[in-house]
Amino acid sequence: MSLPAVLLAAGSSPSPSPSGSTAPAVPTLQDAQESATNAASWVEQNWSTWLAIGLKVLLILVIAVVLRRVVLRAITKLIDRMNRTVESAEGTTLGGLLVNAERRRQRSQAIGSVLRSVASFVILGTAALTVLSAFQINLAPLLASAGVAGVAIGFGARNLVTDFLSGVFMILEDQYGVGDTIDSGVASGEVVEVGLRVTKLRGSSGEIWYVRNGEIKRIGNLSQGWATAGVDVTVRASEDLDKVRATLDEVAEKMSKEEPWNEVLWSPIEVLGLDSVLIDSMVVRVSAKTMPGKALAVERELRWRIKRAFDAAHIRIVGGETAVLLDEETPDRTDAVAAPSVFADSDSPQVAATTPITPPRSATGGR
């Protein structure tokens, strides 16, 4: 054996160390060259696959972005067309009475916001799932976990989901809008703002009510179509009905011709007749159709005019169905006092007649 071979064998054999541990191997140039060669061969074998996946992901993203932009633009054009239709209706007489620009604007904005959010969620969510499937990721566990999480979140936030869905249907069905006066059961007032979760109302005293849409079980809209103004007039049962009707007809005719009541009233003021007849009073009902939200003002003005007309015609209005009626002259207060009794005088014959008879005393009994 030659000397270089012996030295090489001795160098390759491990030399004992005091600690008994081996020193870490230092990578050589040959090892780096082998790693680079393996990486290059792996890239050379899989570059076509990765290129195909990259192009597929890029195509999916491009299609998603373009489709989302097209859908959002279509929704915007639809909302603009709705607003233009409303603006054209405002030029007519009926449209000016029934259409509120702010109400329609907020309604269209809410509908557009909901449609945009739904379209973006559906398109981007589908694109994300398609990208994951392109990387050969199993989507079954992900979808199962998402379904369980969705059920848990929906159960925990069921009130929020209920409010949101109720708000969406209220807006789509146009049940009420900004400027309407509604009775929602829990609160009533003028609608200030309509949201997907909360409806804001201003009460008669100026307070602001925040009503959750999911809590509204019934809605009474007092601002759609027309309103009815009704006034009940209670008079004495002895009044002349023809005189009462003639006075009310005169008040109605005069009020219907004056400003601004001729525009507020949508029908002639009618005397419907006797609503009830009691022993000491009777109720005459007067009614008229008015603009939405103007019934209360018409009722107040009508009561004012009826009171003044009845005073001029010497027709008395009593306080209610059970009111105590008095005569025209001042009543005698002694009528309610009972007559004095003869038994109040101790010297009267009646008192003497009712006095018990005492037995006479004997002469011996007094000794």
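One structure accompanies this document, and this report is about it.

Reading guide: rules and limits
- Residues numbered from 1 in each chain as written.
- Predicted model: local features only at pLDDT ≥ 70, side-chain atom pairs only at ≥ 80, totals over all residues.
- Heavy atoms only, no water.
- Core = buried A, V, L, I, M, F, W, Y, C linked by side-chain atoms within 4.5 Å.
- Buried < 20%, exposed > 50% of the residue type's maximum accessible area, 1.4 Å probe, protein only.
- Helix = DSSP H or I, 4+ residues; strand = E, 2+ residues; numbered from the N terminus.
- Contact = heavy atoms within 4.5 Å.
- Expected span 1.5 Å × (residues − 1).
- Polar contact = N/O pair within 3.5 Å; in protein donor to acceptor, adjacent residues only side chain to side chain.
- 1 Å grid on protein atoms, 1.4 Å probe; cavity = no way out; pocket = protein on both sides within 12 Å on 5 of 7 lines; lining within 4 Å.
- Points joined across faces, edges and corners; volume = space filled by probe spheres on them.
- Nonpolar A, V, L, I, M, F, W, Y, C, P; charged D, E, K, R; others polar.

Focus: the nonpolar core
Thinking step 1. Residues Leu 248, Ile 269, Val 298, Leu 302, Ile 306 and Phe 310 are the most contacted members of the largest nonpolar core, which totals 27 residues.
Thinking step 2. Among the secondary structure elements, those contributing two or more residues to this core are β6 (227-236), α7 (241-257), α8 (261-264), β8 (281-290) and α9 (295-312).
Thinking step 3. In terms of residue count, the dominant contributor to this core is α9 (six residues).
Thinking step 4. Contacts of Ile 269, omitting those with residues within four sequence positions, involve Ala 252, Met 255, Ser 256, Val 286, Ser 287, Ala 288 and Leu 302.

Overview of unusual backbone geometry
Thinking step 1. Along the chain, Glu 259 connects to Pro 260 via a cis peptide bond; the corresponding omega equals -5 degrees.
Thinking step 2. Inspection of the secondary structure puts Pro 260 in the loop between α7 and α8.
Thinking step 3. Backbone geometry places His 314, a non-glycine residue, at a positive phi of 60 degrees.

Looking at the environment of Leu 72
Thinking step 1. By the secondary structure assignment, Leu 72 is in helix α2 (residues 29-89).
Thinking step 2. Between the alpha carbons of Leu 72 and Leu 115 there is a distance of 8.4 Å; along the sequence they are 43 residues apart.

A short note on α7
Thinking step 1. Its 17 residues give α7 an end-to-end C-alpha distance of 25 Å, which sits within 8% of 24 Å, the value for a rise of 1.5 Å per residue.
Thinking step 2. Where α7 is buried, its residues contact α8, β7 (270-277), β8 and α9.
Thinking step 3. Where α7 begins, the capping side chain belongs to Asp 240, and its oxygen is found 3.3 Å from the backbone nitrogen of Asp 242.

What to know about the layout of surface pockets
Thinking step 1. Of the pockets and cavities examined, the second largest pocket occupies roughly 240 Å³.
Thinking step 2. For the second largest pocket, the full set of lining residues is Thr 247, Glu 250, Val 251, Lys 254, Glu 301, Trp 304, Arg 305, Arg 308, Ala 309, Ala 312 and Ala 313.
Thinking step 3. No other element matches the six residues that α9 contributes to the lining of the second largest pocket.
Thinking step 4. Across the lining of the second largest pocket, the residue classes tally to five nonpolar, one polar and five charged.

Thoughts on the side chain of Glu 239
Thinking step 1. Turning to its location among the elements, Glu 239 is positioned in the loop between β6 and α7.
Thinking step 2. Within the local environment of Glu 239, its side chain forms a polar contact with the side chain of Arg 236, the two groups lying 3.1 Å apart.
Thinking step 3. Excluding its chain neighbours within four sequence positions, the residues that come into contact with Glu 239 are Val 244, Met 282, His 314, Ile 315 and Arg 316.

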